[in-house]
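Close look at the chain arrangement
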Amino acid sequence: MRPIVLAKVESKWDYAMYPPYGILTLGSLLKQNGFDVKLYQIMKEEIPETAEHIIKDNPLFLGTSILTSATSKINLDLCKEVKKLNPEIPVVWGGIHPSMDPGQCMRSEAIDTVVIGEGEETVLNLANEMMNGNDLRNVSNLQFKSNGEIIKTPVKFMDKNPLDMFTIDWSLIDVERHVFQKELNGRTYASFYYFFSYGCPHDCTFCYFQNENINKKWRTWPIEVALTDIKFLRDNYGVELIDFLDGNFILGRQRILRFTAGLRELGIKWVSSARIDYMTKEYAEMLRDNGCLRLGFGIESLNERMLRKMEKGYTKKQVYDGIRAMSQVPEIRAICSYIIGLPTETEEESKETIEGILELERIHPDISAGIGVYIPLPGVPLAEDAIKG
């Protein structure tokens, strides 16, 4: 059987820190369904050597998972190098960026097929059809090239939870390389990035979850599966703290409290993202007691009009109430992020956010704030406003 090669070219920071979950999850699924899988996580300097290895592997296809970021180009460089050495190797792109803007990806001569939306079911079907030499029109959620044409199959959201389809096969990566040191509350922890859930049910108009090809429904690993993973990381690699990558980790209070109680029993501390309007003193105390050391809040603006325009689903008062609640549980460090330069935002509205940040720091002296500049993502409502000017 020809192997399936999944590869990711990373920045130096991501290479050292982040497990390549996009290709790791798909690789695990394919391997558990009988396919031979090879994963490469590399830096751009390794592209020529890795391309040679891929040619020798003679894969059924080369796949990668792409975010809308600067690493899109270096991943395309790897695909171009492989195509230069052997144009017959099919190249498949999936992930957030190809899902949001498949047309842009398909314009590249180095990309043959794009997987749209969650890839688990689609990639498994794609691999089976390619192995059997069948027509890819039988597989939903694809765009692919055939005889000079771009064929588009129907886009459908999965009915089942993709996280019920497989477990992570940690043997596919060098786990130890991704264990890093994080200092919190005066102590250094052996830490690891992990994700517990897909999706987010909220309607923030700047977020990629608002693209019509992205399934925003919130789904999680089975609690027992996630705890087994984390116990494995603790027992085999000395991991003491989990940094959750979820877009909205603390959604579903009772489920999260059960899960984090399991982390507490394992002796694991954790940090994650959260929504400020979820926070009460009582909930923060429960999370603290279950090992939470830090929460990151995407507040985005402290101007009422901009909060409405972004459809954040909360008011400025709710932000202040949430920060007051967090100030009463100082064991959990609070980090807040904001965006300026939003479409239609005025200078006065930006100043209101900056002045509000200073006011919140007086309410909660140990809070941290970060300000970023708005970057439009393809196919989401706020980006359309940016294009209109």
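Below you will find a few notes about this structure. (Residues numbered from 1 in each chain as written. Predicted model: local features only at pLDDT ≥ 70, side-chain atom pairs only at ≥ 80, totals over all residues. Heavy atoms only, no water.)

**What to know about the layout of surface pockets**
Its volume calculated, the second largest pocket comes out at about 180 Å³. Lining the second largest pocket, in full, are Glu118, Glu121, Thr122, Asn125, Val139, Ser140, Asn141, Lys156, Phe157, Met158, Asp159 and Lys160. Counted by class, the lining of the second largest pocket contains three nonpolar, four polar and five charged residues. (1 Å grid on protein atoms, 1.4 Å probe; cavity = no way out; pocket = protein on both sides within 12 Å on 5 of 7 lines; lining within 4 Å. Points joined across faces, edges and corners; volume = space filled by probe spheres on them. Nonpolar A, V, L, I, M, F, W, Y, C, P; charged D, E, K, R; others polar.)

**Remarks on the packing of aromatic side chains**
Aromatic ring pairs: the centre-centre distance and the angle between the two ring planes describe each pair. Counted under the stated rule, the structure contains 19 aromatic pairs. Aromatic pair tyrosine 194 and phenylalanine 244: ring centres 6.3 Å apart, planes at 75°, arrangement edge-to-face. Of this pair, tyrosine 194 sits in strand E9 (residues 187-194) while phenylalanine 244 sits in strand E12 (residues 241-244); the two residues are 50 residues apart in sequence, bridging distant segments of the chain. With 4.1 Å between their ring centres and 5° between their planes, phenylalanine 196 and phenylalanine 259 make a pair best called stacked. Residue phenylalanine 196 is found in the loop between E9 and strand E10 (197-198), and its partner phenylalanine 259 is found in helix H9 (residues 253-266); the two are separated by 63 residues along the sequence. Its end group placed over the ring of tyrosine 283, arginine 253 keeps NZ or CZ at 4.0 Å from the ring centre. (Phe/Tyr/Trp six-rings, centres within 6.5 Å; stacked < 30°, edge-to-face > 60°. Helix = DSSP H or I, 4+ residues; strand = E, 2+ residues; numbered from the N terminus. Lys NZ or Arg CZ within 6 Å of the ring centre and 35° of its normal.)

**Notes on a nonpolar patch on the surface**
Judged by side-chain polarity, Ile354, Leu358 and Ile371 come together as a nonpolar surface patch covering roughly 260 Å² of accessible area. When you line up the elements, isoleucine 354 lands in helix H13 (residues 347-363). (Patch = residues over 30% accessible without salt bridge, like charges linked within 9 Å, V, L, I, M, F, W, Y side chains within 5 Å. Areas by Shrake-Rupley, 256 points an atom, 1.4 Å probe, with all protein chains shown as cover. Salt bridge = Lys/Arg side-chain N within 4 Å of Asp/Glu carboxyl O.)

**A closer look at H13**
Taking 1.5 Å per residue, 17 residues should reach 24 Å; H13 reaches 25 Å between its end C-alpha atoms and fits that length. Listing the buried residues of H13 in full gives Glu349, Ser350, Thr353, Gly356, Ile357 and Leu360. Looking down the long axis of H13, one finds its buried residues gathered within 115° of arc, a one-sided arrangement. Turned more than 90 degrees from where H13 packs its buried face, Glu347, Glu348, Glu355 and Arg362 sit exposed. Check the buried side of H13 and you find it contacts helix H11 (304-309), helix H12 (316-327), strand E15 (333-340) and strand E16 (368-373). (Expected span 1.5 Å × (residues − 1). Buried < 20%, exposed > 50% of the residue type's maximum accessible area, 1.4 Å probe, protein only. Arc of directions from axis to C-beta. Contact = heavy atoms within 4.5 Å.)

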